Amino acid sequence: MILAIESSCDESALALFDPALGIIDEKISSQIQLHSEYGGVVPDLASREHLKNFPLILEQLALAENEDRLSHIAVTYGPGLAGCLAMGGMLAKSLAFTYGLPLIRVNHLRGHAWSPFIALHEREPSAFEANLNTQLPHLGLIVSGGNTVLFEIDVNKSIRILAETVDDAAGEALDKGGKLLGLAYPAGPRIEALAKEGNKDAIEFPKAMGNRKEKRFSFSGLKTSLRYKLEKLSKSEIEEQLGSICASYQEAVFYQLLKKTGQFIKEGNYKSLGLSGGVANNQNLQNKFQHLAKSNKISFHCALPKHNGDNAGMIAFAGFIDLNF
């Protein structure tokens, strides 16, 4: 059994993973409300909160009744905020020393990459490897506030990055766009809600797209375009058109994600398509990617909502993959 720790940003998270059952327990303490008044995560504040929160959720975890079955301690080692990662790292080293267990260092993005397959494992743990092999090679997209990465998992379970953002991440573009609109942090969920009331074709935003050989995403120009458009509108006009502004802006962000992913699908031989990361909780984006997979006759896997944000369940699962495959 693996005990996993995640502290790359402002979520303090723990999880217990049993290869024969799946994730048997996971706890998370979020700091979203604490950082919302600052319009983003304050690194020093986040690391201090980890120091306070980890002992509390460690007491709540079903550890006492399972500690004799522990075999490994897994911890996120990056990417993330240095001070926050250090808090998780110190806890992991302490637990590894206490229990006399080996420590597994897991890349945070590797956790996101494998997270869509957690549900596949839990449906039939004993047949997971055979079922996984039917889904490879796999094309996946991690889309969050800090990362936008398109990657593939080949038949040997190796991960290769195909394209990534050269500036803002997609989630960052949504949050910064929301800030320009006066929406509270994190703005992504609020933009999604407002977009449902608006017309996605009402405003023309640039949909930056390169050709297949350009292995990149770019969203900074989109954010700048929004600022220029808002400067031309009065406060009352912005309020009246807020739903359509959000719908059009969100559509421009998703258009680039969809088109670049579609380019790789058509030129590859993928058996499945995956979506993960905080922005993957957006139902509109999920629907678009599900349709993309269906139109290309491949299966679609989206991480569960609780495993799309920063969480220890995905770190435990990635540790399990690294140990066994």
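I will try to describe carefully the structure that is included in this document. (Residues numbered from 1 in each chain as written. Predicted model: local features only at pLDDT ≥ 70, side-chain atom pairs only at ≥ 80, totals over all residues. Heavy atoms only, no water.)

A closer look at the sheet that holds strand 10 (residues 272-276)
Taken in spatial order, the six strands line up as 9-8-7-6-10-11 in an open sheet, and their pairing is mixed. Each edge of the open sheet is held by one strand with a lone partner, namely strand 9 (216-217) and strand 11 (299-302). Judged from the four bridges that link them, strand 10 and strand 11 form a sheet pairing that is parallel. Across the sheet, the residue bridging to glycine 274 is histidine 301, located in strand 11. (Pairing = 2+ DSSP bridges. Helix = DSSP H or I, 4+ residues; strand = E, 2+ residues; numbered from the N terminus.)

What to know about the packing of helix 7 (residues 170-180) against helix 11 (residues 242-267)
Contact geometry for helix 7 and helix 11: axes closest at 11 Å, N-to-C directions at 170 degrees. Relative to helix 11, helix 7 is oriented roughly antiparallel. Facing helix 7, whose interface residues are Ala170, Ala173, Leu174 and Gly177, helix 11 presents Tyr249, Gln250, Val253, Phe254 and Leu257. Taken together, the residues of the contact of helix 7 with helix 11 sort by class into seven nonpolar, two polar and no charged. (Axes fitted to C-alpha atoms, helices over the stretch in contact; angles between N-to-C directions. Parallel < 35°, antiparallel > 145°, perpendicular 65-115°, else oblique. Contact = heavy atoms within 4.5 Å. Nonpolar A, V, L, I, M, F, W, Y, C, P; charged D, E, K, R; others polar.)

Topic: the pattern of salt bridges
In total, this model carries 12 salt bridges according to the counting rule given. For lysine 52, the salt bridge goes to glutamate 49, with nearest N and O atoms at 3.3 Å. Placement of the pair is lysine 52 and glutamate 49 together in helix 2 (residues 43-60), with a separation of three residues, close to one helical turn. Its relative accessible area of 48% is what places lysine 52 among the partly exposed residues. Through salt bridges with shared partners, a single ionic network connects Asp168, Glu172, Lys176 and Lys223. (Salt bridge = Lys/Arg side-chain N within 4 Å of Asp/Glu carboxyl O. Buried < 20%, exposed > 50% of the residue type's maximum accessible area, 1.4 Å probe, protein only.)

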